[in-house]
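Listed below are the residues making up each chain.
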Amino acid sequence: MTIKDVARAANVSVATVSRALNGHHNVAEAVRLRVIRVASELRYSPHAAARSLSSRRTHTIGVVLPDLYGEFFSELMRGVDQVARERGFHLLVSSYHGNPEEQGAALRAMRGRVDGLLLMSPYIGDSGHLTDNLSPTQPTVLMNTHLPQAGLASLSVDNYGGAVAMMRHLAEAGRKRIAFIAGPEDNFDASERRRGYIDALAERLPGAEPRILPGDFNEASGHEAGQALIASGQLPDAVFAANDMMALGCLSAFKQAGIGVPGQVALAGFDDIPLSRYVQPSLTTVRVNIAELGGQAMSALSVAIGTEAAPIAPVSLRPELIVRESTGAGRNAES
């Protein structure tokens, strides 16, 4: 079934069918509805390759992420996908698993295949590698990517401010020996959360020594950190993990050892993944509206596509402190 068949059945020109199906406004409403009805009855589907050749658009967005595993990326993609569908775009998704060579290959593979690019690269020191592989003519929006000299639209999370807010909460709750489970050393988000922990510790608990355990943003590293704290024989009275997945791993280690949370040790995370509110005790955390981050990035990119407007100024999303049972709040309490 071709566009000519639809035009013949609807008694209009091929150009009118094209305008009606592509949402142009210079088609009478009655004609547009007739074309859509006929196209549906004939089960006509526009040929994607032909549309791309005529419009120089693929109606596809490239999304390049460091990983696809875990609730963070699931929520991020949910936000991206919802807005993409609303704007009539399909998604081409690639993950590079923290490998710079694979990241470069993914970026190069997107050229000519997508109308725009959403990129997340939270790794410190990536600037030269990224700019070498980004096309200067392709609309691009960065998500949680520290690339200040690139002149690209970017959306990020105020990780430092979120960590400071959590530390203030723990100090105000009377916790004085606060340990921190860090994220990957080469990760900009993790670095900012660690900086917030150190600065807030000095501000709220002068003279207290930072106690930092290594982590890798996954449950296993949080579990190992919890075991290390138990084995040391010197439990802190609070643990702040740089993300929820590590906090949940640490919670598991404490439960296995019979350590009460929050009775003996308060526990907090960062991100507010959906699972954090359903574990026992429910997890105090810093809420990052992950789906909103993805949705706003997709919205900004859709605006940039087909325009020559200057990139939007960098946007920093302010996270929200969510207080639940793991730091002593009543059941399901949030603030």
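The present account deals with the structure reproduced in this document. Since the model is a prediction, treat every value here as computed from it, not as a measurement. Within each chain, residue numbers correspond to sequence positions counted from 1 in written order. Selection of residues for local features in this predicted model requires a pLDDT of at least 70, selection of side-chain atom pairs for listing and counting requires 80 or more, and totals for whole chains, interfaces and linings are taken over all residues. Calculation of side-chain values draws on the structure's entire complement of heavy atoms; hydrogens and water are dropped beforehand.

**Digging into the environment of Leu91**
With respect to the secondary-structure elements, Leu91 resides in strand β2 (residues 90-95). Sequence-wise, Leu91 and His59 are 32 residues apart; in three dimensions their C-alpha atoms are separated by 8.7 Å. In this analysis, two residues are considered to be in contact whenever any of their non-hydrogen atoms come within 4.5 Å of each other. Leave out the neighbours within four places in its chain, and Leu91 touches Thr60, Ile61, Val63, Met77, Val80, Asp81 and Ala84. Only DSSP runs of H or I covering at least 4 residues are called helices, and only runs of E covering at least 2 are called strands; the numbering of each starts at the N terminus.

**With respect to the nonpolar core**
One finds Leu118, Val239 and Phe240 to be the most contacted residues of the largest nonpolar core, which totals 67 residues. When sequence neighbours within four positions are dropped, the list of residues in contact with Val239 reads Ala179, Ile181, Leu229, Cys250, Phe254, Val265, Ala266, Leu267 and Ala268. Buried Ala, Val, Leu, Ile, Met, Phe, Trp, Tyr and Cys residues form a nonpolar core when they are joined through side-chain atoms within 4.5 Å. Think of it in three bands: with a 1.4 Å probe and only protein chains considered, a residue is buried below 20% of the maximum accessible area for its type, exposed above 50%, and partly exposed in between. With 13 residues, the next largest nonpolar core counts Val64, Leu107, Met110 and Leu119 among its residues.

**Looking at the sheet that holds strand β3 (residues 116-119)**
Strands are labelled as partners when DSSP assigns at least two bridges between them. Here six strands make up an open sheet; going across it, the order is β2-β1-β3-β4-β5-β11 and the pairing parallel. With one partner strand each, in any of the chains shown, β2 and β11 (315-317) form the two edges of the open sheet. Geometrically, the sheet is characterised by an average inter-axis angle of 15 degrees between neighbouring strands, direction not taken into account. Every axis in this analysis is a line fitted to C-alpha atoms, fitted for helices over the stretch in contact. Angles between the N-to-C directions lie between 0 and 180 degrees.

**Quick word on the sheet that holds strand β6 (residues 178-181)**
With parallel pairing, the four strands of this open sheet are ordered in space as β7-β6-β8-β9. Of all strands in the sheet, those with a lone pairing partner are β7 (211-213) and β9 (266-268), marking the two edges. Taken over all neighbouring pairs, the strand axes of this sheet differ in orientation by 20 degrees on average, direction set aside. Each of β6, β8 (238-241) and β9 is contacted by helix α8 (residues 159-172), which is oriented at about 170 degrees to β8, the strand it contacts most.

**Structural notes on the pattern of salt bridges**
Note on definitions: salt bridges are taken to be side-chain nitrogens of Lys or Arg within 4 Å of carboxyl oxygens of Asp or Glu. For the structure shown, the criterion picks out 15 salt bridges. Across the pair Arg78 and Glu75 runs a salt bridge, and its minimum N-O distance is 2.9 Å. Here Glu75 and Arg78 lie together in helix α5 (residues 71-86), a separation of three residues that amounts to about one turn. A relative accessible area of 17% places Glu75 in the buried class. When the shortest N-O distance is used, the salt bridge between Glu172 and Arg204 registers 3.3 Å. Of the two residues, Glu172 is situated in helix α8 and Arg204 in helix α9 (residues 188-204); the sequence distance between them amounts to 32 residues. With a relative accessible area of 59%, Glu172 lands in the exposed category. Through salt bridges with shared partners, one network takes in Asp272, Arg277, Arg287, Glu320 and Arg324.

**What to know about the pairing of strand β5 (residues 153-157)**
When you tally the buried positions in β5, you get four out of five residues, the bulk of the element. For β5 and β11, the ladder comprises three bridges, and the chain directions are parallel. Looking at β11, one finds that Ser156 is bridged to Ser316.

**Some thoughts on the side chain of Ser154**
Its place among the elements puts Ser154 in strand β5. Beyond its immediate chain neighbours, meaning those up to four positions away, Ser154 contacts Leu142, Ala313, Pro314 and Val315.

**Things to note about the packing of α8 against α9**
As a packed pair, α8 and α9 sit with axes 7 Å apart at the nearest point and diverge in direction by 35 degrees. For the crossing formed where α8 meets α9, the hand is right-handed. Across the interface between the two elements, Asn159, Tyr160, Ala163, Val164, Met167, Arg168, Ala171 and Glu172 from α8 touch Asp189, Glu192, Arg193, Arg195, Gly196, Tyr197, Asp199, Ala200, Leu201, Glu203 and Arg204 from α9. We call Asp, Glu, Lys and Arg charged. Ala, Val, Leu, Ile, Met, Phe, Trp, Tyr, Cys and Pro are nonpolar, and the rest, Gly among them, are polar. Split into classes, the residues belonging to the contact of α8 with α9 amount to eight nonpolar, two polar and nine charged. Left-handed is the label given to a crossing in which the near helix is rotated counterclockwise from the far helix by less than a right angle, and right-handed is the label when the rotation is clockwise.

**Focus on the pairing of strand β1 (residues 60-65)**
Of all six residues that make up β1, six are buried, and the element is covered over most of its length. Burial of β1 is two-sided: the residues Thr60, Gly62 and Val64 facing one way and the residues Ile61, Val63 and Leu65 facing the other way are all buried. Here β1 runs beside β2; their pairing, made up of six bridges, is parallel. Considered in β2, the bridge of Val64 is made with Ser94. With respect to chirality, the unit in which β1 leads through α5 into the neighbouring parallel β2 is right-handed. Taken together, the four bridges between β1 and β3 define a ladder with parallel strand orientation. The handedness of a crossover follows from its direction of travel: if, with the strands pointing away from the viewer, the path from the first strand over the helix to the second runs clockwise, the crossover is right-handed.

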